[in-house]
Amino acid sequence: TRADEAICKAARGEIERFSAYVPTVLGTPKWWDVAFTPFPGPDGAIEGVLCVSRDITQEKISESALRAGEQRFRGLADNMAQLAWMADCDGQVFWYNKRWLDYAGFNEEEAIKKGWYALHHPDYADRVRERMSGAIERCEMWEEQLPLRSFDGSYRWFLTRAVPVVDDMGRTALWCATLTDITEQRNLSHRLRQLARVVELSHEAILVWDLESGIAL
């Protein structure tokens, strides 16, 4: 067994430690952290082995719950429509969702190294840094419409919103950001403005007729 192996190693002067799920005298299995430490005599020879066992069942339950929660979070975050990232209280990004990585064409290591600023158009980069720094200092939400470069070099417009998450003391614990693609909405709005300008400059009478209420414009 694992315990027998650990005792043999400790008898040879090695320190051995392991965790195991074993029954108790009451018949209820628990997780135990077990450590075997040899102690030598005056001549240096191993005279005995000290075994210390610690009940870590609650720790294991908490770890399991944390892993399950993380899996649920990743499942949600990686399948949401928006790009997303999280940063520490100083604005250093430590996590990106899968959609952000796919859009940027980065793996996780590249994303952390290059940072989310790498996607910003050069004409907007300085403004983004300045406004995000100001939001961090004031601990307030930052929101802006910005073009971001995709993995193929093209740019699309995103509504970027970064929100501070505060702890019980009112201090910023981390930042959560979502980036929503608004390219199509911007293009449509631009076309509507162009059409309105054409109508405005027209020298002809233009009427908009509603089938139910008659003249609408």
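Read on for a plain summary of the structure.

As for the environment of lysine 113
- Within the element layout of this structure, lysine 113 appears in helix H4 (residues 108–114).
- The spacing of lysine 113 and valine 93 is 20 residues in sequence and 9.6 Å in space, taken between C-alpha atoms.

Things to note about the pattern of salt bridges
- The full count for this structure, using the stated rule, is 12 salt bridges.
- Across the pair arginine 54 and glutamate 59 runs a salt bridge, and its minimum N-O distance is 2.8 Å.
- Exposure remark for arginine 54: the relative accessible area of 39% places this residue in the partly exposed category.
- When the shortest N-O distance is used, the salt bridge between aspartate 167 and arginine 171 registers 3.4 Å.
- Its relative accessible area of 53% is what places arginine 171 among the exposed residues.

Some remarks on the side chain of glutamate 16
- Mapped onto the elements of the fold, glutamate 16 is located in strand E1 (residues 16–22).
- Setting aside its immediate chain neighbours within four residues, glutamate 16 contacts Arg2, Ala6, Lys9, Val34, Ala35 and Phe36.

Some points on the sheet that holds strand E2 (residues 30–40)
- In spatial order, the strands read E1-E2-E3; together these 3 strands make up an open sheet with antiparallel pairing. With one partner strand each, in any of the chains shown, E1 and strand E3 (46–55) form the two edges of the open sheet. Within the sheet, the average angular offset between the axes of one strand and its neighbour, ignoring direction, is 25°.
- Direction of pairing for E1 relative to E2: antiparallel, over a ladder of 7 bridges.

Topic: the packing of aromatic side chains
- A full pass over the atoms with the stated rule returns 9 aromatic pairs.
- With centroids separated by 5.2 Å and ring planes inclined at 80°, the aromatic side chains of tyrosine 103 and phenylalanine 158 adopt a geometry described as edge-to-face. Note that tyrosine 103 is positioned in helix H3 (residues 98–104) and phenylalanine 158 in strand E7 (residues 155–166), a separation of 55 residues in sequence.
- Among the residues examined, tyrosine 103 registers a relative accessible area of 12% and is labelled buried.

Here we look at helix H5 (residues 122–138)
- If you check H5, its first and last C-alpha atoms are 25 Å apart, about what 17 residues at 1.5 Å a residue would give, namely 24 Å.
- Looking only at H5, the buried set comprises Ala125, Val128, Met132, Gly134 and Ala135.
- Turning to H5, the residues buried within the fold contact strand E4 (83–88), strand E6 (142–149), E7 and strand E8 (172–181).
- Positive backbone phi, approximately 55°, marks cysteine 139, located one or two places after H5.

Here's the deal with the sheet that holds strand E5 (residues 93–96)
- The 5 strands are arranged E5-E4-E8-E7-E6 in an open sheet whose pairing can be described as antiparallel. Across the chains shown, the open sheet's two edge strands, defined by having one partner strand only, are E5 and E6. Neighbour-to-neighbour, the strand axes of this sheet turn through a mean angle of 25°, independent of strand direction.
- One ladder, built from 9 bridges, connects E7 with E8; its direction is antiparallel. Directly across from phenylalanine 158, in E8, lies its bridge partner aspartate 181.
- Sheet contacts for H5: E4, E6, E7 and E8; angle to E6, the most-contacted strand, approximately 150°.

Rules behind the numbers
Residues numbered from 1 in each chain as written. Predicted model: local features only at pLDDT ≥ 70, side-chain atom pairs only at ≥ 80, totals over all residues. Heavy atoms only, no water. Helix = DSSP H or I, 4+ residues; strand = E, 2+ residues; numbered from the N terminus. Salt bridge = Lys/Arg side-chain N within 4 Å of Asp/Glu carboxyl O. Buried < 20%, exposed > 50% of the residue type's maximum accessible area, 1.4 Å probe, protein only. Contact = heavy atoms within 4.5 Å. Pairing = 2+ DSSP bridges. Axes fitted to C-alpha atoms, helices over the stretch in contact; angles between N-to-C directions. Phe/Tyr/Trp six-rings, centres within 6.5 Å; stacked < 30°, edge-to-face > 60°. Expected span 1.5 Å × (residues − 1).

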